[in-house]
Amino acid sequence: MTSRIRKLGDDTSWEEGEKAYLDHLKQFSKSSKDALWKYFCSDFFHDGTVDFCEIRPDLKTVVVGLNCPNIKHLQADGEFEYLSADFTCTFENVVAFHIEEDPPTQVHDPGEAYAVFLCAEINTSPLLETPVASDEEDRFSSILIELLAHDSVIWMEIVFSYVSVEPKAPVAFSLMEASPEFDIPTWSPDE
């Protein structure tokens, strides 16, 4: 799979790329308890902002703060209002971390900078086709995230063996997940 966010070729439609990507995902075992599938298989973080990105001192842990603006709350009148929730995504046992800007831009004031999460792809990294040295029997996964910052696209790719996604307000998020008044766009095995 060589997709870079669902593109097979210049003359390929988004739908064709999406179908090829979903066919690609069929080869992997998925679980709704696995944060990679639950939060990154669908459009959970689409249009959310990146609050921070941090590489821990062990150089094998990457922590990303993401906002999800896509939670729908059903109102009494039958209409939905959108709510936001903040999450901390921790990628562990990272063996590759790459950021690329397309096209590169001039240096700007970081105080005004923020990136918006557009889309993600699971397990499309060419690095997964090459055996990755590890003392452990970990199975590695990859995520490619397409971000928009000002007028350029930023690609962030991580190859790792474990990811956790924790809401900043875990009790409130658990109550939302349990309530039929909320539509939370996480992936589930029924899809």
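Conventions and cut-offs
Residues numbered from 1 in each chain as written. Predicted model: local features only at pLDDT ≥ 70, side-chain atom pairs only at ≥ 80, totals over all residues. Heavy atoms only, no water. Phe/Tyr/Trp six-rings, centres within 6.5 Å; stacked < 30°, edge-to-face > 60°. Helix = DSSP H or I, 4+ residues; strand = E, 2+ residues; numbered from the N terminus. Buried < 20%, exposed > 50% of the residue type's maximum accessible area, 1.4 Å probe, protein only. Lys NZ or Arg CZ within 6 Å of the ring centre and 35° of its normal. Pairing = 2+ DSSP bridges.

(A) How the structure looks around the packing of aromatic side chains. In this structure the tally under the stated criterion is 15 aromatic pairs. When the ring of Trp-37 is compared with that of Trp-187, the centres are 6.4 Å apart and the planes differ by 50°; the resulting orientation is tilted. Residue Trp-37 is located in helix H2 (residues 35-40), and its partner Trp-187 is located in the segment after strand S9 (182-183); the two are separated by 150 residues in the primary sequence. As far as the burial class goes, Trp-37 and Trp-187 line up, both buried. When the ring of Phe-45 is compared with that of Phe-87, the centres are 5.7 Å apart and the planes differ by 80°; the resulting orientation is edge-to-face. A residue pair is termed long-range when its members are at least 10 positions apart, and Phe-45 in the loop between H2 and strand S1 (49-55) and Phe-87 in strand S3 (residues 80-92) qualify at 42 residues. Each member of the pair, Phe-45 as well as Phe-87, is classed as buried. Members of the aromatic cluster, connected to one another through ring pairs, are Tyr-39, Phe-40, Phe-44, Phe-45, Phe-87, Phe-91, Phe-117, Phe-160 and Phe-173. Directly above the ring of Phe-80 sits Lys-72, whose terminal nitrogen or CZ lies 5.4 Å from the centroid.

(B) View of the pairing of strand S6 (residues 141-149). S6 sits mainly inside the fold: eight of its nine residues count as buried. Taken together, the six bridges between strand S5 (residues 115-122) and S6 define a ladder with antiparallel strand orientation. In the sheet register, Glu-121 faces S6, and the bridge partner there is Leu-144. As paired elements, S6 and strand S7 (residues 152-160) share nine bridges and run antiparallel to each other. When the bridges of S7 are listed, Leu-144 appears paired with Glu-157. Hairpin connection between S6 and S7: a loop of two residues separates the two successive antiparallel strands, and His-150 in this loop has a positive phi of roughly 55°.

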